[in-house]
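# Observations on the model geometry
Given next are the chains, with one letter for each unit.
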Amino acid sequence: MTLHLTPALVQNPLGAYADLRSRPGLGHVVLPGLSTPVRLVTRHKDVAAALTEPRLVRDRSAVTGSDMPDPQAELLASGLEGLPEEYVPYLSGHLALLDGDEHTRRRTPLTRAFTARRVAALRPFVEKTARELADALAGRERADLLGEFAYPLSTALICELVGVDAADRDRVCGWIRDFAYGDGSGVLDGLGGIVGYTKDLVARRRVEPADDLVSALLADGGLTDDEIVTVFFLLINTGITPPALFLAHAVLALLDHPGQLRRLRAEPELLGRAVPELLRHVTLVRMGATLYATEEFVFAGTRLSKGEALTVALFAADHDPAAHDRPERLDVARESGRGDGHLAFGHGPHYCIGAALGRLVTGVVLEELVVRRSAAPELAVDRADVPFGHWPGDGFHLLALPVRL
């Protein structure tokens, strides 16, 4: 039997996932807004295993001689529809969709450039930007923590990381907004502006290097100029909307659990535990990339055919009672155990390159909004009036978070 998931079911830690985890093997589901069925991996141990299984790959073109249904193609077609042909390579060459040697070739220079020193050096910028944005919203009867705080913070951080010159910051941030999270009317203008600016930035940094990511990638020499442009889009697509939404959802989770909010304000030393717990509890990317079986084999009690598609339910894994005690409960004092204690950043070869930066930003934001201020943030509307929307294949996401700071 194929289960048709709704956005509400995708983000419900108790309902459909509990039923799917209790069944032997892997069930078929159709994700929200799609029509192609896919096997869904929901148990924590199986999700972790899938993300490190070499016979499960992300590049469907690498699996020849199979005509199995392809849900990822359905998603990608909707995302690239209407884009001018010259821009498609910058958006389709996503690291999340590559495997093996090609994935390693493109990821390694980025990993070498994304050093602990570079991440740590960004802290003062994050603290200053977060404080300025929060101060500008303080005292208002209604401020949008997503649109007026989280998105501008994430956008400014990516510009700082890449090395966008201060004089160009407003213009480039405007293009990023139009492309990544605006009302849709300026997508092509934003896309063209980002491509043109990044090509120019690469040419300038080749002549006059700076202490930024573009200069580090050029010095490494492992990527072509066009691939560096693709890296900028990778950072925009993964480093702006998902982190901004996570920050808003994390604050909303604390507002939904006022006892935990009060405890974190009273015991700021718990920030080190609260960050991974909120990452686990929210798990903003509910569904991971589609994986394809390169051969017929048995995985998680199910015989897979060559070319058969699986999707890992990261949210389900992070709410699996076999891995976490009372996982539906937010507990800012929860001991996360070894490693991250969650799969919100993925696992294995595709583990999020920006995980350390994500943890840093989350800690800074929680300290600024929840700990440092004289009063805790509060909703400026009734909880039922907080606006949500959803994307194909996923659960509900905040469209705005109206608060008083």
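Attention in this report is confined to the structure presented alongside it. (Residues numbered from 1 in each chain as written. Predicted model: local features only at pLDDT ≥ 70, side-chain atom pairs only at ≥ 80, totals over all residues. Heavy atoms only, no water.)

### Re the pattern of salt bridges
Spelled out, the test is: Counted as salt bridges are all cases of a side-chain nitrogen of Lys or Arg within 4 Å of a carboxyl oxygen of Asp or Glu. Here the term buried applies to any residue with accessible area under 20% of the maximum for its type, exposed to any over 50%, and partly exposed to those in between, with areas from a 1.4 Å probe on protein chains only.
Scanning the entire structure with this criterion turns up 40 salt bridges. With a closest N to O distance of 3.1 Å, Arg171 and Asp168 form a salt bridge. For Arg171, a relative accessible area of 45% gives the class partly exposed. Ionic pairing is found between Glu267 and Arg263, a salt bridge with its closest N-O pair at 3.0 Å.

### Here we look at the pairing of strand β6 (residues 287-293)
In plain terms, the rule: Numbered from the N terminus, helices here are DSSP runs of H or I no shorter than four residues, and strands are runs of E no shorter than two. Whether two strands pair comes down to DSSP finding at least two bridges between them.
Extensive coverage of β6 is indicated by the burial of 6 of its 7 residues. With 4 bridges connecting them, β6 and strand β9 (residues 309-313) associate as antiparallel partners. Bridge pairing links Tyr292 to Ala309 in β9.

### Focus on the nonpolar core
Generally speaking, a soluble globular protein has its nonpolar side chains buried in company with each other. Selection criterion: The nonpolar core is taken to be a set of buried Ala, Val, Leu, Ile, Met, Phe, Trp, Tyr and Cys residues, with the residues joined through side-chain atoms within 4.5 Å. Working rule for contacts: check all heavy atoms of both residues, and any pair within 4.5 Å makes them a contact.
Among the nonpolar cores identified, the biggest contains 99 residues, and Phe149, Phe232, Phe233, Leu254, Val361, Leu369 and Leu401 are the most heavily contacted of them. Look past the residues within four positions of Leu254 in its chain and what remains in contact with it is Gln260, Leu261, Leu264, Leu278, Leu330, Val332, Leu366 and Val370. In terms of nonpolar packing, the next biggest core, distinct from the first, is built from 18 residues, Val29, Leu31, Val57 and Ala316 among them.

### Focus on the sheet that holds β6
Within a beta sheet, neighbouring strands are joined by backbone hydrogen bonds and run either parallel or antiparallel to one another. Here 6 strands make up an open sheet; going across it, the order is β1-β2-β3-β9-β6-β4 and the pairing mixed. Across the chains shown, the open sheet's two edge strands, defined by having one partner strand only, are β1 (2-4) and β4 (56-57). As paired strands, strand β2 (residues 28-30) and strand β3 (residues 38-41) are joined by 2 bridges and run antiparallel to one another. Across the sheet, His28 pairs through a bridge with Arg39, a residue of β3.

### Digging into helix α9 (residues 146-162)
The following threshold applies: A helix is expected to span 1.5 Å for every residue after the first.
With 17 residues, α9 should reach 24 Å at 1.5 Å per residue; the first-to-last C-alpha distance of 22 Å fits that figure. Gly163 occupies a position one or two residues after α9 and carries a positive phi of about 110 degrees.

### Some thoughts on the packing of aromatic side chains
This is how it is decided: For this analysis, a ring pair means two rings from Phe, Tyr or Trp (six-membered ring only for Trp) whose centres lie within 6.5 Å, classed as stacked if their planes differ by under 30 degrees, edge-to-face if by over 60, and tilted for the remaining angles. Only Lys NZ and Arg CZ are tested; either one counts as a charge over a ring when it is within 6 Å of the ring centre and within 35 degrees of the ring normal.
Tallying each qualifying case throughout the model produces 4 aromatic pairs. Aromatic pair Tyr151 and Tyr181: ring centres 4.0 Å apart, planes at 5 degrees, arrangement stacked. Residue Tyr151 is located in helix α9, and its partner Tyr181 is located in the loop between α10 (169-180) and α11 (187-207); the two are separated by 30 residues in the primary sequence. Of the residues examined, Tyr151 reaches a relative accessible area of 10% and is grouped as buried. Measuring from centroid to centroid gives 5.4 Å for Phe179 and Phe233, while their planes differ by 75 degrees, and the two rings are edge-to-face. Taken as a pair, Phe179 in helix α10 and Phe233 in helix α13 (residues 225-239) lie far apart in primary sequence, 54 residues in all. Both residues of the pair, Phe179 and Phe233, belong to the buried class. Positioned over the ring face of Tyr292 is Arg60, at 5.8 Å from the centre of the ring.

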